[in-house]
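What follows is the residue order along each chain.
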Amino acid sequence: QQQVKQSPQSLIVQKGGISIINCAYENTAFDYFPWYQQFPGKGPALLIAIRPDVSEKKEGRFTISFNKSAKQFSLHIMDSQPGDSATYFCAALNTDKLIFGTGTRLQVFP
Amino acid sequence: EPEVTQTPSHQVTQMGQEVILRCVPISNHLYFYWYRQILGQKVEFLVSFYNNEISEKSEIFDDQFSVERPDGSNFTLKIRSTKLEDSAMYFCASSKDMNYGYTFGSGTRLTVV
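Reading the values: rules and limits
Residues numbered from 1 in each chain as written. Chains lettered and ligands numbered in written order. Predicted model: local features only at pLDDT ≥ 70, side-chain atom pairs only at ≥ 80, totals over all residues. Heavy atoms only, no water. Helix = DSSP H or I, 4+ residues; strand = E, 2+ residues; numbered from the N terminus. Buried < 20%, exposed > 50% of the residue type's maximum accessible area, 1.4 Å probe, protein only. Contact = heavy atoms within 4.5 Å. Pairing = 2+ DSSP bridges. Axes fitted to C-alpha atoms, helices over the stretch in contact; angles between N-to-C directions. Phe/Tyr/Trp six-rings, centres within 6.5 Å; stacked < 30°, edge-to-face > 60°.

Turning to the side chain of S58(B), a few remarks are in order. Residue and element names in this part refer to chain B. Relative to the assigned elements, S58 resides in the loop between β6 (53–57) and β7 (65–68). Among the residues examined, S58 registers a relative accessible area of 17% and is labelled buried. Contact partners of S58, with chain neighbours within four places excluded, come to F45 and L46.

Okay, structure coming up:
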């Protein structure tokens, strides 16, 4: 199965809160899991990525948690800021093709 | 920071017309891609290109679509006879290594009327 399922579809968080976005996959051939941030009218920008041999990766306020046995991974945004308001896509790489999740629209209110 | 450049940013075309979307990938990248995003939906893979040939293409990438790297810097997507349902944002991307994330351009918004 080539799908990547993403939830929630939208998320509203107060400034300073934690934003959590979840993704699940079925194809065990996926070997690279990036998260992309997209602002309106712009292309997706790589935010952070993880490989399945690692359970967690942290870069600044962004953390990916990866559960290989459950085939799930999630993005945590700590201390969420209004500037984080964007659409977030998880993705999975199979050979040279990225399969994207359906996206999560995050709104951070002051 | 190196960028993937796409032109034009917005193109309006009549149904049945041919369009060419242009991209300049990052100079030392070897893998090139086209993706599209219909308004409000997820980003979908169209085609990957390496070593001057298509390495993989999706079901969307039918005979109406073609890609070309006419010189050492440009990478183009041609749609021969556009349909209304081709209206979307088209993103070009490139990567140095197929096992890593890509750099996407800002996209071309194609509107077919």
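Take the sheet that holds strand β7 (residues 62–67) of chain A next. All names here are of chain A. Across the sheet, 5 strands lie side by side as β1-β3-β8-β7-β6; this open sheet has antiparallel pairing. Looking at strand neighbours, the two that pair on one side only are β1 (4–7) and β6 (56–59), the edges of this open sheet. Between one strand axis and the next, the sheet turns through 15° on average, direction left out of account. Bridge count for strand β3 (residues 19–25) against strand β8 (residues 72–77) is 6 bridges, and the pairing is antiparallel. Counted as the bridge partner of C23 is F73 from β8.

This structure, assessed with the given rule, holds 26 aromatic pairs over all chains. Judged by centre distance (4.0 Å) and plane angle (10°), the rings of Y33(B) and Y102(B) are stacked. Here Y102(B) lies in the loop between β9 (88–95) and β10 (103–104) and Y33(B) lies in strand β4 (residues 31–37), a separation of 69 residues in the sequence. The class for Y33(B) is buried, based on a relative accessible area of 0%. Grouped by ring-pair contacts, the aromatic residues Y36(A), F89(A), F100(A), Y33(B), Y35(B), F45(B), F91(B), Y102(B) and F104(B) constitute a single cluster.

The quantities given are spatial measurements derived from coordinates; they are silent on function.
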